[in-house]
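# Examining the three-dimensional arrangement
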Amino acid sequence: MTTQTQQHTENRQGYFGEFGGAFVPPVLESKLKNLSDFFYKTAFTKDFEEEFIHLLKTYVGRPSPLYYAKRLSEHIGSKIYLKREDLNHTGAHKINNTIGQILLAKRLGATQILAETGAGQHGVATATAAALFGIKCKIFMGAEDIKRQTLNVDKMKLLGAEIVTVNQGQGTLKDAVDAALGYYIEHPDAYYLLGSAVGPHPYPTMVAHFQSIIGKEAKKQIIEAEGKLPDSVIACIGGGSNAIGIFKEFIPEENVKLFAAEGAGEGLETKRTAATLNLGINMVFQGANSLCLADDKGNPIGSYSVAAGLDYPGIGPEHAYLKEIGRVDYHGITDDEAIAAFKLLSEKEGIIPAIESSHAVALAAKLFKDKNETIIINLSGRGDKDVERM
Ligand SMILES: Cc1ncc(COP(=O)(O)O)c(C=O)c1O
């Protein structure tokens with residue numbers, strides 16, 4: 001596994017093994033090629049990195065703490081640390097990526113920002129970044145998600161964003177991405193600020209890069225706290241951005257096991273699930289070659305999870321590759337298990353997690369009961385948006 005693991009990053013631009021690429025209509029081809037060139041040329045310069053890190057520090061509130069969860073640890077029987085992305089400005093990891101991409105958009109002279117959102121966390125983070133730089137912003141959100149994440153809808157409006165309700169399909173994240181891509185094809189001069197490590201190149205690479213700050217901090221923090229690397233790192237996974245953000249730094253560390261919790265919904269054996277890495281098949285979906293939930297004829301189908309941010313039938317191509325080479329174990333967590341973990345963390349630690357992040361907590365409780373291991377859970381967001389429904 002060593003050599004494969006070391007090649008986990010792109011083996012050629014935009015590809016992770018055979019997964020990835022940019023399968024888009026001709027009108028977007030040159031646009032995405034320019035964005036890719038601009039990203040590689042700009043995002044690694046001293047000037048860009050200084051501005052990015054300065055904003056993460058002074059505006060987002062980074063570094064986010066690595067918190068030793070004593071009562072949860074005693075309950076589970078393993079030593080649990082929480083990487084507190086829930087404490088970021090706007091309440092989730094999504095802001096790391098939006099700050100990175102808005103700095104690119106600003107340098108590209110963008111006058112309009114587009115984004116899709118599921119749980120509304122990426123929508124709020126994008127509307128926030130757009131307000132910060134005084135750029136117009138349009139957010140596509142499914143009608144079903146608008147109903148289940150009202151707090152975030154109100155926040156986006158307050159931040160000055162225009163919200164476009166997407167009624168097609170099931171009115172969830174997949175449909176919001178379709179609508180945003182459709183609008184982008186008609187308005188290629190806008191900047192499309194994609195919120196997860198999915199879609200055509202360069203988005204999976206860019207999003208992973210901007211989110212990798214999570215793992216860089218966590219690695220330093222756990223060494224300070226424990227004098228060693230963790231035994232395991234766990235994250236929830238929708239499109240894959242918070243997971244790849246914390247995993248990147250640990251992938252070359254072969255003694256660190258990596259786990260991700262996807263939304264199993266009502267169960268892997270039912271049709272009401274969002275467990276793409278367990279049940280998906282290889283296809284081109286929303287601009288990239290990756291895995292996707294499909295019907296018997298191989299056509300993409302809708303997903304289901306109680307967590308809007310995990311309710312997506314596709315998955316980022318880097319995760320499809322990490323699964324293929326066996327570097328990350330992907331498990332399904334049902335709605336019921338996630339809701340129980342939502343309550344468990346609230347009661348044991350006084351921390352109300354996002355229902356998405358609760359999937360990672362549930363997986364830790366399931367896999368590490370009385371194992372006495374040292375674990376980091378990426379607590380990707382806070383649960384204010386979910387309180388009303390739980
Ligand atoms: C708090 C939180 N965690 C996780 C996710 C899943 O997204 P990703 O897999 O890109 O981290 C979302 C998506 O909206 C979210 O809001």
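All figures in this text were calculated on a predicted structure; none of them were measured in a lab.

The rules behind each value
- Residues numbered from 1 in each chain as written.
- Predicted model: local features only at pLDDT ≥ 70, side-chain atom pairs only at ≥ 80, totals over all residues.
- Pairing = 2+ DSSP bridges.
- Helix = DSSP H or I, 4+ residues; strand = E, 2+ residues; numbered from the N terminus.
- Contact = placed C-beta atoms within 7 Å.
- Axes fitted to C-alpha atoms, helices over the stretch in contact; angles between N-to-C directions.
- Near = placed C-beta within 6 Å.
- Nonpolar A, V, L, I, M, F, W, Y, C, P; charged D, E, K, R; others polar.
- Domains from an automatic or database assignment.
- Buried ≥ 20, exposed ≤ 12 C-beta atoms within 10 Å, placed from the backbone.

To continue, consider the sheet that holds strand 8 (residues 191-192). Pairing in this open sheet of 4 strands is parallel, and the strands run 7-6-5-8 from one edge to the other. Since the sheet does not close on itself, it has two edges, and those belong to strand 7 (162-166) and strand 8, each with one partner. Taken together, the 5 bridges between strand 6 (residues 136-142) and strand 7 define a ladder with parallel strand orientation. Across the sheet, the residue bridging to Phe-140 is Val-164, located in strand 7. Along the sheet face, helix 9 (residues 173-186) touches strand 5 (112-117), strand 6, strand 7 and strand 8 and points at about 160 degrees away from the line of strand 5.

As a structural note, the neighbourhood of the ligand is formed by 21 residues, with Gln-121, Gly-238, Ser-241, Gly-309 and Gly-381 the closest of them. Counting residues per element, the shell around the ligand draws most heavily on helix 12 (residues 241-247), which supplies 3 residues. Along the lines of polarity and charge, the residues of the shell around the ligand split into 7 nonpolar, 13 polar and 1 charged. The residues that make up the shell around the ligand include at least three from each of domain 1 (16-21 + 30-54 + 94-208) and domain 2 (63-92 + 213-386).

This part takes up the environment of Asn-88. Tracing the chain through its elements places Asn-88 in the loop between strand 4 (79-84) and helix 5 (94-107). Look at Asn-88 and you get buried, because 24 C-beta atoms sit within 10 Å. Through-space distance from the C-alpha of Asn-88 to that of Gly-381 is 8.2 Å; in sequence the pair is 293 residues apart. Contacts of Asn-88, omitting those with residues within four sequence positions, involve Val-60, Gly-61, Ser-64, His-93 and Ile-95.

Quick look at the domain arrangement of the chain now. The domain boundaries assigned to the chain delineate domain 1 (16-21 + 30-54 + 94-208) and domain 2 (63-92 + 213-386). A C-alpha centroid distance of 22 Å is found between domain 1 and domain 2. On the domain 2 side, the residues contacting the 37 residues of domain 1 number 37 residues. For the side of domain 1 that touches domain 2, the secondary-structure elements that each account for two or more residues are strand 2 (19-20), helix 5, helix 6 (121-133), helix 7 (143-148), helix 8 (150-158), helix 9 and helix 10 (203-211). Counted by class, the side of domain 1 that touches domain 2 contains 16 nonpolar, 16 polar and 5 charged residues.

Here we take up unusual backbone geometry. Here the residue pair Arg-62 and Pro-63 is connected by a cis peptide bond, since its omega of 0 degrees sits within 30 degrees of zero. Tracing the backbone shows Pro-63 in the loop between helix 3 (46-60) and strand 3 (66-68). The omega torsion across His-201 and Pro-202 is 15 degrees, close enough to zero to call that bond cis. Looking at the secondary structure, you find Pro-202 in the loop between strand 8 and helix 10.

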